Every structure is written in C-alpha cells, then in structure tokens.
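In case you want the letters, here they are:
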Amino acid sequence: MFDPVEIPTSDLVDVLAAVCDIESVSGDEEALADAVEALLRGQPHLEVTRDGDAVVARTLLGRDRRVVLAGHLDTVPLTDPPNLPTRLEGTGDDRVLWGRGTVDMKAGIAVMLALAVELGRPGSEPVVDLTYVFYDHEEVEASKSGLGRLARNHPELLAGDFAVLGEPTAADIEGGCQGTIRVDVRTRGVAAHSARSWRGENAIHAAAPILARLAAYEAAEVGVDGLVYREGMNAVGIRGGIAGNVVPDACTVTVNYRFAPSRTLAEAEAHLRELFDGYEVTVTDSSPAARPGLDDPLAAEFAAAVLALTGGVPKPKFGWTDVARFAELGIPAVNFAPGDPSLAHADDERVPVRELAMCRDALRTWLRGQ
Ligand SMILES: [Zn+2]
C-alpha cells in the first residue's frame, strides 16, 4: 500500500494541477480516487463513502433541499509524447493550464474539491445540503460507468433535488444532453475464392446502400424547452473481409446516432431500424438523452446566480453526459464547469485559470444563498 498523493487546497490552480498530474486514464483511477478520498475524509463536516474507485461525500446539515455536484475522475488516454505533467503558461489572470484532463473534466473536479473543503466549515455553511460524487469509468462503455454502479449499489447516496455536473462548458450553463446509440448494421454474403468470385456473393458490395443512406441522411435540428439541439448520424466504423483472395461473406457498418432530447431511447432505436430497414441491426451501446430541466426552481436560482457573474445564456449540450443518468433518477441536472468543451479529448487540452475561479465563485454564491 502506498500513501495517497496529497492534494493541496490553498489555491485552486494548485488543486487542478495536482489532480491532473495524478494520471487517471479510464480503468486506472485508483490513485486519484485514493487522493480524493483522503482529502475528503480530512473534512469533519463531510460523511464519506467509497465504492470501487468512486467517492461520495455528503454534508448532513438537515437542510430541506440537497444539491448534488458530480464529476468523473477518469480521462481519455495520454498523447504520445504524453500531455502530462501539466504546465502553466502566462501570468496573473491570463494564466492557462495545459495538459490531459484540464478540460475533461478535472477543472470541474478541482472546483468541486475546493467547494467540498470550504462549504460546511463554521462560518461557511451552505443553505442546502451538498453531495459530492466523484466516479470512475465515464470515458468508456456506459455499462462500466461508476455512476451507474453507484446508482445500483447506493441509490440513497445519489438522492437530491438538483444536480450540477462538472463537464466542461466554458462557464456557461448547458442544459440537458443529446442521447447516443450505436448499432452494427450487417450484410451477409457467400464466401468464395476470389479467382472464382461468381460462385460467391460479396457482403462488402452489399453494404453500399447502407453507406448511400448515411451519405444522403440530413440530420435534424430540434428545439426542446427553448434550446436547439443539432443531431448527427454517422458511420464510425466498417469491418469485412478475412483475406486478400476471399470474397467476404460478412460486412458490418457501425453507426452512431446522436439524438435530441425530443426522442426517447426506444424512439431513437426505432428511427435507426427504419433507416436501415431490410438489414440486420444490432444495438451495441446506448444512453438516453436528457431534457434541459431549466424550468425547475432550483435550476432557475442557479441560472440567476451564474448569469449575474458570467453574463452567459443557457445553451444545449451536444455531447452525451451523465446528466442523462440523473434525469433517469428523477433529478434535474445541468452541465456547468470551466473549460472549452470543444477541447475535450483534444491533444492540446487547456483551461484558462480565470474560468476556474469564475465557476467556483458562481457556485459558492448560489450555494451560500448570497
Ligand atoms: Zn467528460
């Protein structure tokens, strides 16, 4: 056993650099979870639970409302050469921290940790009870999700009236999220030696109409609760052929559909089955969309506090995020955190220090009711 790395809490930039420099590519979150757990267990105002590489910390102040702040600890793999350790460039308010995870989503994790340490100390009590959820395995198949596991093992720990997920939004509020569904569309043929190809049926050639339907597909723009979501329908993979002299008897086109919260998962699947009518369609991965939920009273108070500080307007979230899991649990949720979402997973991930402080201050103002 090693002692966990200590996360410094004196300065928000130091917190972020520390949590980024503890590598936590999906499946390898243990060291970071240990460090987060050690920091939170050191706070007398928090009750801490560990489940695998997820850590949940809660205040128990007896407030009538509870807000959940949640974020994943894992990142996508490092680049080659590695984009860690982090490096800080610039001076003063114009400083920028570079490195894997600075955007997706350790900037959000750093803000959550800073608030977890501060809110609940004597003289810094929040007006609501708070639950901080740090979890593993977000950047991989939905079936591995640490948040999904927590929902199965400890649903009572996720209870709350409103949730803020620290996925990057560049300090804007992004409501809801698009759903995602991945399917394999298969063609079958008859294998033959390519020297006598008339005896076979080529399954790759048979996939041409699938590609034609995708190329002709016009993705919709859909308005939901005042926000406009832009959908996407794309082939993301194709497999077929076993050797250079064999007519292939099977071909699989993998298609990913990103859909607006106007559709349920079942409706999205039906849409795909209709689009690929006549083919064998198998769903391999799926996650539902979530409506923006900005009509909730706690969400409205949150939006007012954030907008007073940042001046931004709520936007739709295009990627899938775990707000959809909170929606399934009946908890309205939004995304809000530092970092340009278009830099998530990019080789040159970087976050302006200014946004870190802005997000922490907005959340603190709201949670302290000031
Ligand atoms: Zn993320």
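One can find the structure itself at the top, above this paragraph.
So, here is what we can say about the structure in this document. (Residues numbered from 1 in each chain as written. Predicted model: local features only at pLDDT ≥ 70, side-chain atom pairs only at ≥ 80, totals over all residues. Heavy atoms only, no water.)

What about the side chain of Asp-74?
Inference 1: Within the fold, Asp-74 resides in the loop between strand 3 (66-72) and strand 4 (87-89).
Inference 2: The buried charged residue Asp-74 lacks any salt bridge, with Lys-106 as its nearest oppositely charged partner at 8.7 Å.
Inference 3: Of note is the side chain of Asp-74, whose polar atom sits 2.8 Å from the backbone nitrogen of Glu-139.
Inference 4: Contacts of Asp-74, omitting those with residues within four sequence positions, involve Ser-24, Val-25, Ser-26, Glu-29, Asp-104, Tyr-135, Asp-136, His-137, Glu-138 and Glu-139. (Helix = DSSP H or I, 4+ residues; strand = E, 2+ residues; numbered from the N terminus. Buried < 20%, exposed > 50% of the residue type's maximum accessible area, 1.4 Å probe, protein only. Lys, Arg positive; Asp, Glu negative; His and termini not counted. Salt bridge = Lys/Arg side-chain N within 4 Å of Asp/Glu carboxyl O. Polar contact = N/O pair within 3.5 Å; in protein donor to acceptor, adjacent residues only side chain to side chain. Contact = heavy atoms within 4.5 Å.)

Observations concerning the pattern of salt bridges
Inference 1: Taken as a whole, this structure holds 27 salt bridges when the rule is applied.
Inference 2: Residue Arg-50 pairs with Glu-37 through a salt bridge whose shortest N-O separation is 2.6 Å. Placement of Arg-50 in strand 1 (residues 47-51) and of Glu-37 in helix 2 (residues 30-41) is noted, with a sequence separation of 13 residues between them.
Inference 3: On the accessibility criterion, Arg-50 (24% relative accessible area) is partly exposed.

As for the packing of aromatic side chains
Inference 1: One pass over the full model with this rule turns up five aromatic pairs.
Inference 2: Here Tyr-257 and Phe-259 contribute two aromatic rings whose centre-to-centre distance is 5.5 Å and whose plane-to-plane angle is 35°, an arrangement assigned as tilted. When sorted by exposure, Tyr-257 lands in the same class as Phe-259, which is buried.
Inference 3: Three or more aromatic residues link up through ring pairs in this structure, and these residues are Phe-162, Phe-302, Phe-336 and Trp-366.
Inference 4: When the ring centre of Trp-98 is taken as origin, the NZ or CZ atom of Arg-87, which lies over that ring, is 4.8 Å away. (Phe/Tyr/Trp six-rings, centres within 6.5 Å; stacked < 30°, edge-to-face > 60°. Lys NZ or Arg CZ within 6 Å of the ring centre and 35° of its normal.)

A word on the coordination of the zinc ion
Inference 1: Note on the zinc ion: its protein donors are His-72 (NE2), Asp-104 (OD), Glu-167 (OE) and Glu-167 (OE). The metal-donor distances range over 1.9 to 2.7 Å.
Inference 2: Relative to the metal, the four donor atoms surrounding the zinc ion lie at angles of 52 to 143°, and the coordination shape comes out irregular. (Donors = N, O, S within 2.8 Å, 3.2 Å for Na, K, Ca; no water. Tetrahedral: all angles 85-135°; square planar, octahedral: opposite > 155°, others 65-115°.)

Examining the nonpolar core
Inference 1: Judged by nonpolar contacts, the single largest core of 61 residues is most densely connected at Leu-40, Leu-113, Tyr-132, Phe-134, Phe-302, Phe-336 and Trp-366.
Inference 2: With 10 residues, the single largest contributor to this core is helix 3 (residues 106-118).
Inference 3: If we skip the residues at most four places from it in the chain, Leu-40 touches Leu-46, Val-48, Val-55, Ala-57, Leu-113, Ala-116 and Phe-134. (Core = buried A, V, L, I, M, F, W, Y, C linked by side-chain atoms within 4.5 Å.)

A look at the sheet that holds strand 4
Inference 1: The strand order across the open sheet built from three strands is 4-5-19, with neighbouring strands paired in antiparallel fashion. Bordering the open sheet on either side are strand 4 and strand 19 (350-352), each of which pairs with just one other strand. Taking each pair of neighbouring strands and ignoring which way they run, the sheet shows an average axis angle of 20°.
Inference 2: Pairing of strand 4 with strand 5 (residues 96-98), which is carried by three bridges, proceeds in the antiparallel orientation. Within strand 5, the residue paired with Glu-89 across the bridge is Val-96. (Pairing = 2+ DSSP bridges. Axes fitted to C-alpha atoms, helices over the stretch in contact; angles between N-to-C directions.)

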